[in-house]
Amino acid sequence: MASEDVKRTESAAVSTIVNLAEEAKLAREGVKAPSYAVLSICKSLFAGGVAGGVSRTAVAPLERMKILLQVQNPHNIKYSGTVQGLKYIWRTEGLRGLFKGNGTNCARIVPNSAVKFFSYEQASKGILYMYRQQTGNENAQLTPLLRLGAGATAGIIAMSATYPMDMVRGRLTVQTANSPYQYRGIAHALSTVLREEGPRALYRGWLPSVIGVVPYVGLNFAVYESLKDWLVKDNPFGLVENNELTIVTRLTCGAIAGTVGQTIAYPLDVIRRRMQMVGWKDASSVVTGEGRSKASLEYTGMVDAFRKTVRHEGFGALYKGLVPNSVKVVPSIAIAFVTYEMVKDVLGVEFRISD
């Protein structure tokens, strides 16, 4: 009996040692406990949300000006340009007018940005894993094309998840003091659209958004990450300090990424905004502010919207609002990327695609 007790004790001790050794091995390999993983995910989502909120609020007046120019009735021009338009809004609506729709925009962009950044990280890791398996090279890194795919995936997921908020934000943004009908806020706008136009109305313009998000978000991430990697690896201009880029350099990378992405995808953004106005009986008067509409706002789909816009207003109409959008998107994208990385640094969250 004593011998059997000793054997059982020895067996238990061996099992304990084996378990401890296994746990130590997992720790060395970087396997984290579930609770830590959940905390890390929450921190990443929080960082993405803060980045989106800060960047969009900083350029809210330009965002509203862009949308007003995009949907403006060509037969009753009220906004002749960015500066004139901003002055007009300031004179007629005051400071609050410059930030009209920003609350809805932040309510949409905060979760959108959180999901987008987090989705990009996860998509990048998944694509990198499959790429390494396919090539048999455990040290392979993401190519610009693979980064484009990861960014496009993240953009589609984030945009689809928050699209109803974007649609409502567009309508709230184009309201003026002279509009005959007013949405009182996010909840009122959502309930009104659902009641009067049906649930499908919340996804009007979704298709051009999906098509547009591929070059826009995809190029944003691909250009930004590729520029950073190139600068850190080759250090062509002596901008790297302690193997890290300065905030100014990262802002510049973000600005370049934003410029490339938005220029290519902009026509689809114009069509999306116009399609979002379809079915809104007061859309024409809201856009002109006086109710003297002569142009139809009815489109049967994305192709029809493109065709009618170009036929009635010319090819240049696809780039209406490009100036305020360019002025807006360059600092917006740059601020978003840098804010995201800084918040993650503060929270102690590390992310490396090569992990």
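Computed from a predicted structure; not experimentally measured.

**What to know about the overall build of the chain**
Along the chain, the regular secondary structure elements total 12 helices and two strands. Helices (α) and strands (β) of the chain occur, in sequence order from the N terminus, as α-α-α-α-α-α-α-α-β-β-α-α-α-α. By the burial criterion, 48% of the 355 residues in the chain qualify as buried. The long-range fraction of contacts in the chain, counting pairs at least 24 apart against all pairs at least 6 apart in sequence, stands at 78%.

**Focus: the packing of aromatic side chains**
Here the structure, examined in full by the defined rule, presents 10 aromatic pairs. Aromatic side chains F117 and Y340 sit 4.1 Å apart centroid to centroid with 20° between the ring planes, which places their arrangement in the stacked category. Here F117 is found in helix α5 (residues 102-135), whereas its partner Y340 is found in helix α12 (residues 322-347), with 223 residues between them in sequence. Per residue, the accessibility class of F117 equals that of Y340, and both read buried.

**Considerations on the nonpolar core**
Core analysis: the biggest nonpolar cluster contains 29 residues, and F117, Y216, F221 and F337 have the highest contact counts within it. The set of elements that each furnish at least two residues to this core consists of α2 (34-58), α5, α6 (144-174), α8 (206-234), α9 (247-277) and α12. At nine residues, the largest contribution of residues to this core is made by α8. Residues contacting F337, with those up to four places away along its chain left out, are F117, N220, F221, Y224 and G254.

**Brief notes about the confidence of the model for the chain**
Mean pLDDT over the chain works out to 80, with 80% of the residues at or above the 70 mark. The model gives residues 286-296 a pLDDT under 50, and that stretch makes 27 contacts with residues more than four places away or in other chains.

**Some words on the side chain of N102**
Following the sequence through the fold, N102 ends up in helix α5. For N102, a relative accessible area of 11% gives the class buried. Once you skip the residues sitting within four places of it in the chain, N102 turns out to touch R56, T57 and A60.

**Quick notes on α8**
Relative to the 42 Å expected for 29 residues at 1.5 Å per residue, α8 spans 41 Å between its end C-alpha atoms, a close match to the ideal helical length. Taken as a whole, α8 carries its principal kink of about 40° at V213; the proline P215 stands between one and four residues after it. Looking at the residues trailing α8, positive phi occurs at N235, about 45°.

**Let's talk about helix α4 (residues 82-98)**
Its 17 residues place the ends of α4 only 12 Å apart at the C-alpha level, less than the 24 Å of an ideal helix rising 1.5 Å per residue. Along α4, the helix axis deviates most sharply at T92, where the bend reaches about 105°. Among the residues making up α4, those that are buried are T82, G85, Y88, I89, E93, G97 and L98.

**Brief notes about the pattern of salt bridges**
According to the stated counting rule, one finds 17 salt bridges in the structure shown. For D166, the salt bridge is made with R273, and the minimal N-O distance between the two is 3.3 Å. With D166 in helix α6 and R273 in helix α9, this residue pair connects regions lying 107 residues apart in the sequence. No difference in accessibility class separates D166 from R273, as the two residues are buried.

**Considerations on the packing of α5 against α8**
Running from N to C, α5 and α8 cross one another at 60°; their axes reach a closest spacing of 12 Å. Comparing their axes, α8 and α5 come out oblique. Helix-helix and strand crossings are classified by hand; for α5 and α8 the assignment is right-handed. Of the residues in α8, those in contact with K116, F117 and Y120 of α5 are V217, F221 and E225. The class makeup of the residues in the contact of α5 with α8 is four nonpolar, no polar and two charged.

**A closer look at the environment of Y340**
Classification of Y340 by relative accessible area gives buried; the value is 6%. As a C-alpha pair, Y340 and A51 span 289 residues in sequence and 5.0 Å in three-dimensional space. Those residues in contact with Y340 that sit more than four places away from it in its chain are S44, A47, G48, A51, F117 and E121.

**A short note on the packing of helix α3 (residues 60-71) against α12**
Two quantities define a packed helix pair, namely the angle between the axes and the distance from one axis to the other. For the pair α3 and α12, the least separation of the axes is 8 Å and the interaxial angle reads 155°. As summarised for this structure, α3 and α12 are arranged roughly antiparallel, according to the angle between their axes. Crossing hand, α3 versus α12: left-handed. Residues L62, E63, M65, K66 and L69 of α3 pack against P324, N325, V327 and K328 of α12.

**With respect to unusual backbone geometry**
Most peptide bonds take the trans configuration, and most residues that are not glycine carry a negative phi. Here N235, not a glycine, exhibits a phi torsion of approximately 45°, which is positive. For N235, the position within the fold is in the loop between α8 and β1 (240-241).

**A look at the environment of R272**
Topologically, R272 is positioned in helix α9. When its relative accessible area of 13% is taken as the criterion, R272 is described as buried. Considered as a pair, R272 and G170 are 102 residues apart in the sequence and their alpha carbons are 9.9 Å apart. Ignoring any residue separated from it by four or fewer positions in sequence, one finds R272 in contact with Y163, D166, G205, P208 and S209.

Each value, and the rule that gives it
Residues numbered from 1 in each chain as written. Predicted model: local features only at pLDDT ≥ 70, side-chain atom pairs only at ≥ 80, totals over all residues. Heavy atoms only, no water. Helix = DSSP H or I, 4+ residues; strand = E, 2+ residues; numbered from the N terminus. Buried < 20%, exposed > 50% of the residue type's maximum accessible area, 1.4 Å probe, protein only. Contact = heavy atoms within 4.5 Å. Phe/Tyr/Trp six-rings, centres within 6.5 Å; stacked < 30°, edge-to-face > 60°. Core = buried A, V, L, I, M, F, W, Y, C linked by side-chain atoms within 4.5 Å. pLDDT = per-residue confidence, 0-100. Expected span 1.5 Å × (residues − 1). Bend = angle between axes of the 7 residues up to and from the residue. Salt bridge = Lys/Arg side-chain N within 4 Å of Asp/Glu carboxyl O. Axes fitted to C-alpha atoms, helices over the stretch in contact; angles between N-to-C directions. Parallel < 35°, antiparallel > 145°, perpendicular 65-115°, else oblique. Left-handed = near helix turned anticlockwise from the far one by under 90°. Nonpolar A, V, L, I, M, F, W, Y, C, P; charged D, E, K, R; others polar.

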